[in-house]
Amino acid sequence: MIIVTGANGRLGRMVTERLLACLPAEEIGVSVRDVERARDLGARGVRVREGDFTDPERLAHAFEGASRVLIVSTDSTGETAVRHHRTAVEAAAAAGAERVLYTSHMGSSPSSPFPPMPDHAATEEALQRSGVPFTSLRNGFYAASAVMLVGAALETGVLAVPEDGPVAWTTHADLADAAVLALTGEVLDGLTPPLTGPEAIDMAGIAEILTRLTGRPIRRVVVSDADYRAQLLSHGVPEHAADLLVGLFAASRQGEFAPAGPALAELLGRPTTPLADVLEEMAARTA
Ligand SMILES: NC(=O)c1ccc[n+]([C@@H]2O[C@H](COP(=O)([O-])OP(=O)(O)OC[C@H]3O[C@@H](n4cnc5c(N)ncnc54)[C@H](OP(=O)(O)O)[C@@H]3O)[C@@H](O)[C@H]2O)c1
């Protein structure tokens with residue numbers, strides 16, 4: 001049985017839907033915090049069990065009989081995130097899983113200024129120590145994050161963010177396809193190469209694409225980290241989230257998200273989705 005955590009979240013749900021398209025439902029289980037929200041999966045024959053990374057006993061029940069477990073990283077950061085991910089890795093190993101898969105990040109690094117990156121590196125250490133074969137899917141930067149960062153520029157005509165660097169933006173759909181291949185085959189082992197979209201694009205590049213797509217000038221303006229942080233706070237963004245975003249730009253201008261390799265396209269056997277396609281959809285939605 002393949003178990004997917006975070007199946008009420010965006011990536012975990014996409015992976016589960018794809019597994020349902022290629023495996024009998026009784027070979028798929030989900031570990032979710034809210035079983036009510038996964039009721040539809042249960043109705044289609046998926047085993048739905050409550051699992052929370054804060055609760056090892058419940059997790060043992062959710063992972064029971066697992067041959068492979070996909071641990072979808074959570075949205076917390078720091079010691080909390082690492083503790084939760086370690087708990088999940090240990091529970092998967094204790095359940096007898098023959099392979100543990102984890103949604104890491106292309107920028108996983110103990111020294112990154114972007115807070116989730118040291119968390120991923122610490123989880124990868126836990127995977128290495130677990131003694132169980134593992135696959136750490138070093139996912140490219142979500143294209144959905146680019147949409148979140150630049151959405152307001154469509155209204156204002158100004159893309160005002162800190163100095164940045166090129167980022168290999170990657171869609172959830174491509175990453176979900178890759179996760180399914182890794183869950184159902186023998187294609188990826190250990191720390192994967194960066195699983196990324198076809199090219200790395202910086203904010204100036206995004207402004208150019210948006211200008212072309214909308215026919216309206218979108219101007220890229222560099223603001224200081226401090227001004228950007230202050231602006232986020234003034235819009236009600238909590239301090240923690242503001243620091244996270246400032247860290248994102250610091251890491252990006254160090255080139256931490258720049259490598260855009262062929263690994264994902266080769267794995268999928270098809271071209272991956274360019275960021276321009278994602279931005280086009282966004283522009284159409286907001287037109
Ligand atoms: N590659 C990238 O650039 C990038 C960018 C942003 C985030 N990420 C990472 O990728 C993950 C998946 O992305 P996504 O878009 O699917 O995010 P998402 O929709 O927010 O899903 C996150 C999932 O984590 C689950 N979760 C949170 N706390 C948990 C806990 N204590 N125990 C068990 N599960 C818990 C959530 O459960 P509920 O459904 O019950 O809330 C949710 O299903 C994110 O959580 C984040 O770690 C990667």
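1. What to know about the sheet that holds strand E1 (residues 2-5)
In space, the seven strands of this open sheet follow the order E3-E2-E1-E4-E5-E6-E10, with parallel pairing throughout. The outermost strands of the open sheet, each flanked by one partner alone, are strand E3 (47-50) and strand E10 (190-191). Here helix H1 (residues 10-22) sits on the sheet and contacts E1, strand E2 (28-32), strand E4 (68-71) and strand E5 (99-105); the angle it forms with E1, its principal contact strand, is near 155 degrees. Those strands touched by helix H4 (residues 78-94) are E1, E4 and E5, and its axis lies near 175 degrees from that of E4.

2. Section: the environment of arginine 68
The topology assignment puts arginine 68 in strand E4. Taking C-alpha positions, arginine 68 is 11 Å from valine 89, a pair spaced 21 residues apart along the chain. When sequence neighbours within four positions are dropped, the list of residues in contact with arginine 68 reads Ile2, Ala97, Glu98, Arg99, Leu101 and Leu183.

3. Looking at the pairing of strand E8 (residues 158-161)
Alternating residues of E8 divide into Leu159 and Val161, all buried, and Val158 and Ala160, none buried. Here E8 pairs with strand E11 (residues 219-222) via four bridges, running parallel. In the sheet register, valine 161 faces E11, and the bridge partner there is valine 222.

4. Quick notes on the domain arrangement of the protein
Segmentation of the protein into domains returns domain 1 (2-139) and domain 2 (140-171 + 197-259 + 273-287). On a C-alpha basis, the centres of domain 1 and domain 2 stand 28 Å from each other. Across the boundary between the two partners, domain 1 contributes ten residues, which contact twelve residues of domain 2.

5. Considerations on the environment of leucine 23
As for its placement among the helices and strands, leucine 23 is situated in the loop between H1 and E2. Sequence separation of leucine 23 and isoleucine 2 is 21 residues, and the distance between their C-alpha atoms is 9.7 Å. Here leucine 23 is in contact with Ile28 and Thr184, once residues within four sequence places are set aside.

6. Focus on the environment of serine 145
When you line up the elements, serine 145 lands in helix H6 (residues 143-150). Judged by the 15 C-beta atoms lying within 10 Å of it, serine 145 is partly exposed. For the pair serine 145 and alanine 62, spaced 83 residues apart in sequence, the C-alpha separation works out to 30 Å.

Reading the values: rules and limits
- Residues numbered from 1 in each chain as written.
- Predicted model: local features only at pLDDT ≥ 70, side-chain atom pairs only at ≥ 80, totals over all residues.
- Pairing = 2+ DSSP bridges.
- Helix = DSSP H or I, 4+ residues; strand = E, 2+ residues; numbered from the N terminus.
- Contact = placed C-beta atoms within 7 Å.
- Axes fitted to C-alpha atoms, helices over the stretch in contact; angles between N-to-C directions.
- Buried ≥ 20, exposed ≤ 12 C-beta atoms within 10 Å, placed from the backbone.
- Domains from an automatic or database assignment.

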